[in-house]
Amino acid sequence: LRLWHKMDRIFRVPKTSIRLQLTSPNIYRSPRSITLNRIFQKVLQDDLNSYVYDASVAGCNYRVSVNPSNYQLSVSGYSEKLPHLLDVVTSRIASLIEEMKEGEEAHPALEKMFSKAKDDLLRQTKNYVYDSPYETATYNFRMLCETPVWHVNDYIGEMEGPDAEAEPL
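Okay, so let's go over this structure.

Thresholds, definitions, all that
- Residues numbered from 1 in each chain as written.
- Predicted model: local features only at pLDDT ≥ 70, side-chain atom pairs only at ≥ 80, totals over all residues.
- Heavy atoms only, no water.
- Helix = DSSP H or I, 4+ residues; strand = E, 2+ residues; numbered from the N terminus.
- Buried < 20%, exposed > 50% of the residue type's maximum accessible area, 1.4 Å probe, protein only.
- Contact = heavy atoms within 4.5 Å.
- Areas by Shrake-Rupley, 256 points an atom, 1.4 Å probe, with all protein chains shown as cover.
- Phe/Tyr/Trp six-rings, centres within 6.5 Å; stacked < 30°, edge-to-face > 60°.
- Lys NZ or Arg CZ within 6 Å of the ring centre and 35° of its normal.
- Axes fitted to C-alpha atoms, helices over the stretch in contact; angles between N-to-C directions.
- Parallel < 35°, antiparallel > 145°, perpendicular 65-115°, else oblique.
- Left-handed = near helix turned anticlockwise from the far one by under 90°.
- Nonpolar A, V, L, I, M, F, W, Y, C, P; charged D, E, K, R; others polar.
- Salt bridge = Lys/Arg side-chain N within 4 Å of Asp/Glu carboxyl O.
- Core = buried A, V, L, I, M, F, W, Y, C linked by side-chain atoms within 4.5 Å.
- Arc of directions from axis to C-beta.

1. Considering the overall build of the chain
Next up, step 1: A count of helical and extended segments in the chain gives six helices and three strands.
Next up, step 2: When the helices and strands of the chain are placed in sequence order, the string is β-α-β-β-α-α-α-α-α.
Next up, step 3: Principal-axis analysis of the C-alpha atoms places the extent of the chain at approximately 55 × 45 × 30 Å.
Next up, step 4: Within the chain, the fraction of its 169 residues that count as buried is 30%.
Next up, step 5: Considering only contacts within the chain whose residues lie at least 6 apart along the sequence, 67% involve residues at least 24 apart.
Next up, step 6: A total of about 11800 Å² of accessible surface is found on the chain, and carbon and sulfur atoms cover 55% of it.

2. Considering the packing of aromatic side chains
Next up, step 1: A complete count under the given rule lists three aromatic pairs for this structure.
Next up, step 2: When the centroid spacing of 6.4 Å and the interplanar angle of 50 degrees are considered together, the rings of tyrosine 28 and tryptophan 150 count as tilted. You can see tyrosine 28 sitting in the loop between strand 1 (15–23) and helix 1 (31–57) and its partner tryptophan 150 sitting in the loop between helix 4 (133–145) and helix 5 (152–159), a full 122 residues away along the chain.
Next up, step 3: Ring geometry for phenylalanine 40 against tyrosine 71: centres 6.4 Å apart, planes inclined by 85 degrees, an arrangement best described as edge-to-face. Residue phenylalanine 40 is located in helix 1, and its partner tyrosine 71 is located in strand 3 (residues 70–78); the two are separated by 31 residues in the primary sequence. Taken individually, phenylalanine 40 and tyrosine 71 each receive the classification buried, so the pair is uniform in this respect.
Next up, step 4: When the ring centre of tyrosine 78 is taken as reference, the NZ or CZ atom of lysine 15 above it lies at 5.0 Å.
Next up, step 5: Sitting above the plane of the tyrosine 155 ring, arginine 38 keeps its charged end 5.1 Å from the centroid.

3. What about the packing of helix 1 against helix 3 (residues 108–126)?
Next up, step 1: Running from N to C, helix 1 and helix 3 point in directions that differ by 120 degrees, and their axes come no closer than 9 Å. In terms of orientation, helix 1 lies oblique with respect to helix 3. In terms of crossing hand, the pair formed by helix 1 and helix 3 is right-handed. In contact with Thr35, Leu36, Arg38, Ile39, Lys42, Val43, Asp46 and Asp47 of helix 1, helix 3 contributes Leu110, Met113, Phe114, Lys116, Ala117, Lys118, Asp120, Leu121 and Gln124.
Next up, step 2: Split by residue class, the contact of helix 1 with helix 3 holds eight nonpolar, two polar and seven charged.

4. Considerations on the pattern of salt bridges
Next up, step 1: A complete count under the given rule lists eight salt bridges for this structure.
Next up, step 2: Between lysine 42 and aspartate 120 there is a salt bridge, and its shortest N-O distance comes to 3.3 Å. In this pair, lysine 42 is assigned in helix 1 and aspartate 120 in helix 3, connecting sequence segments 78 residues apart.
Next up, step 3: Across the salt bridge formed by lysine 126 and glutamate 160, the nearest N and O atoms sit 2.8 Å from each other. Remark: glutamate 160 occurs in the loop between helix 5 and helix 6 (162–166) and lysine 126 occurs in helix 3; sequence separation between them is 34 residues.
Next up, step 4: According to the relative accessible area criterion, lysine 126 is partly exposed, its value standing at 37%.
Next up, step 5: For glutamate 160, a relative accessible area of 33% puts it in the partly exposed group.
Next up, step 6: Beyond isolated ion pairs, a larger network of salt bridges with shared partners links Lys42, Asp120 and Arg123.

5. Quick word on the nonpolar core
Next up, step 1: Core analysis: the largest hydrophobic core is formed by 36 residues, its most contacted members being Val43, Leu44, Tyr62, Leu85, Val89 and Tyr155.
Next up, step 2: For this core, the elements supplying multiple residues, two or more each, are helix 1, strand 2 (61–66), strand 3, helix 2 (82–102), helix 3 and helix 5.
Next up, step 3: Residue contacts for tyrosine 155: discarding those within four places in its chain leaves Tyr28, Pro31, Ile34, Thr35, Arg38, Thr125, Tyr139 and Trp150.

6. Observations concerning helix 5
Next up, step 1: Turning to helix 5, its buried residues are Val152, Tyr155, Ile156, Glu158 and Met159. All buried residues of helix 5 fall inside an arc of 155 degrees around its axis, so they share one side.
Next up, step 2: The inward-facing, buried residues of helix 5 contact helix 1, helix 3, helix 4 and helix 6.
Next up, step 3: Positive phi shows up at glycine 161, right after helix 5, with a value of about 105 degrees.

Structure (structure tokens):
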């Protein structure tokens, strides 16, 4: 645990930023696992928009991102309300995981959000071919240097095609 503290001497506004990193070796275990984690991130952000809208209007923000080795959760804003925002975000993550385990019959609205997130991720992944040459070169260089590494076509194969029809997400 690392903690930094610096007083705001210019504006004298009590703002705080909290960043958490949840590390797991299973996030990037296979193309399927990273695809499911990215879909979960999109579902979570879509779901949290209704919960934290008022907080964002009041100057408190959150961000959840998934990387190959971890989830990063950051909240920032006015110090007084930040613990409550962090509690709302983390408790919603836990309850969303439980709701997803219960299945689509128990939560049909969650199934719609999952389907929308999957379609959105598929569209974004397919648009890889339209990236700038610099981004494509960087991606291909990363493919050469990292292990394990999955190509963008592996992610697309998890979301559509014969493998996806045989074992849907």
